[in-house]
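# Structural description and commentary
Here's the letter readout for the chains.
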Amino acid sequence: MYGWIWRLLPGNLAVRVFTAAVLVGLVAAVLWYVVFPWIEPRISLDMAGVGP
Amino acid sequence: MGDLSITAGLVILLFCAYLLWGTGSYTAEQQVLLQRQLIEGGKAGRGHGPGPVRLGGAVALLSIPRLGDDYRYAVVEGVDQDRLRMGPGHYPGTAMPGKIGNFVLSGHRTTYAAPFGRIDELQRGDRIVVDAREARYTYRVTGRRVVDPTELGVIAPVPDQPGKTPTRATITLSTCHPRYSAAQRLVVFGALDQSQDRLKRPE
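Residues numbered from 1 in each chain as written. Chains lettered and ligands numbered in written order. Predicted model: local features only at pLDDT ≥ 70, side-chain atom pairs only at ≥ 80, totals over all residues.

## What about the overall build of chain B?
For clarity, the cut-off: We count a stretch as a helix when DSSP gives it H or I for four or more residues in a row; a strand needs E for two or more, and each element gets its number in order from the N terminus. Within these notes, the globule rule equals 2.2 Å times the number of residues to the 0.38 power, and the radius of gyration is based on C-alpha atoms. For every residue, the other C-beta atoms within 10 Å of its own C-beta are counted; 20 or more classify it as buried, 12 or fewer as exposed, and values in between as partly exposed. C-beta atoms are placed from the backbone. Working definition of a contact: two residues with C-beta atoms, positioned from the backbone, lying within 7 Å.
Scanning chain B for helices and strands turns up two helices and eight strands. Against the globule reference of 17 Å for 203 residues, chain B gives a C-alpha radius of gyration of 18 Å, in line with a compact fold. Overall, chain B is about 70 × 40 × 35 Å in size when its C-alpha atoms are taken along their principal axes. Relative to its 203 residues, chain B shows a buried fraction of 38%. Relative to all contacts within chain B whose residues are 6 or more apart in sequence, the contacts with residues 24 or more apart total 52%.

Next up, the structure:
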């Protein structure tokens, strides 16, 4: 999968590394700010109170 | 397949990092709002709902010197998921700060800034200071115990003696135990030691 993406990236090595880093950053940001905040309340690993 | 497994591993790692550090920024934002509410005199915090403080309003300022001089959290009214993300929550219906009965607070252990992350370090006799509108109440830690999540007796007006009428003011802090788990609850008990009225501002 990563090999395939890498081959699709245009430009020389430096440009490719830069584009790859931006892509990784984008994915991480979407996970951190959108996906994780949505998922976290649904699994709630850190219950604090007593009772039902 | 190998690629996918590695990706899944990285995503899970990132999620753990989010739980530990990312969730705290939300709590920090909410704490600023709650503490401002307290300073402004609880105008927004009072008046609606069944209790003296509406759900989601700021109840008092909690400080625990053992956990650091800058350990300070505004206590929010309510202990449902949404409130506990804002800071330590007060069980609606349990006593208000300094009043006869049990002032029961619950807080996260590892996520959302982990307000009760280190309450296992509290020793008997340690001060728990609660700054309410009208007075500063100082409780002293009397004990600590690990209980099952179903053990409701710890939040009774007289801890462990449900149904009994309280004669003194106590405090109960609860959080999850062991750390990173929701299997049990760590509970710290305290009793009111001192109350100091605030000087009235001339009106």
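After that view, the rundown keeps rolling.
## Here's the deal with helix α1 (residues 2–39) of chain B
Where we set the bar: To estimate the expected span of a helix, count its residues, drop one, and scale the result by 1.5 Å. Note that the bend at a residue is defined as the angle between axes fitted to the seven residues ending at it and the seven residues starting at it.
The first and last C-alpha atoms of α1 of chain B sit 55 Å apart over 38 residues, in line with the 56 Å expected at 1.5 Å per residue. Where α1 of chain B bends most, the angle comes to about 45 degrees, and this point is Tyr18 of chain B. Along α1 of chain B, the positions that sit buried rather than exposed are Thr23, Thr27, Gln30, Gln31, Leu34, Gln37 and Leu38 of chain B. In this structure, the buried residues of α1 of chain B make contact with α2 (13–43) of chain A together with β1 (58–63) and β2 (72–77) of chain B.

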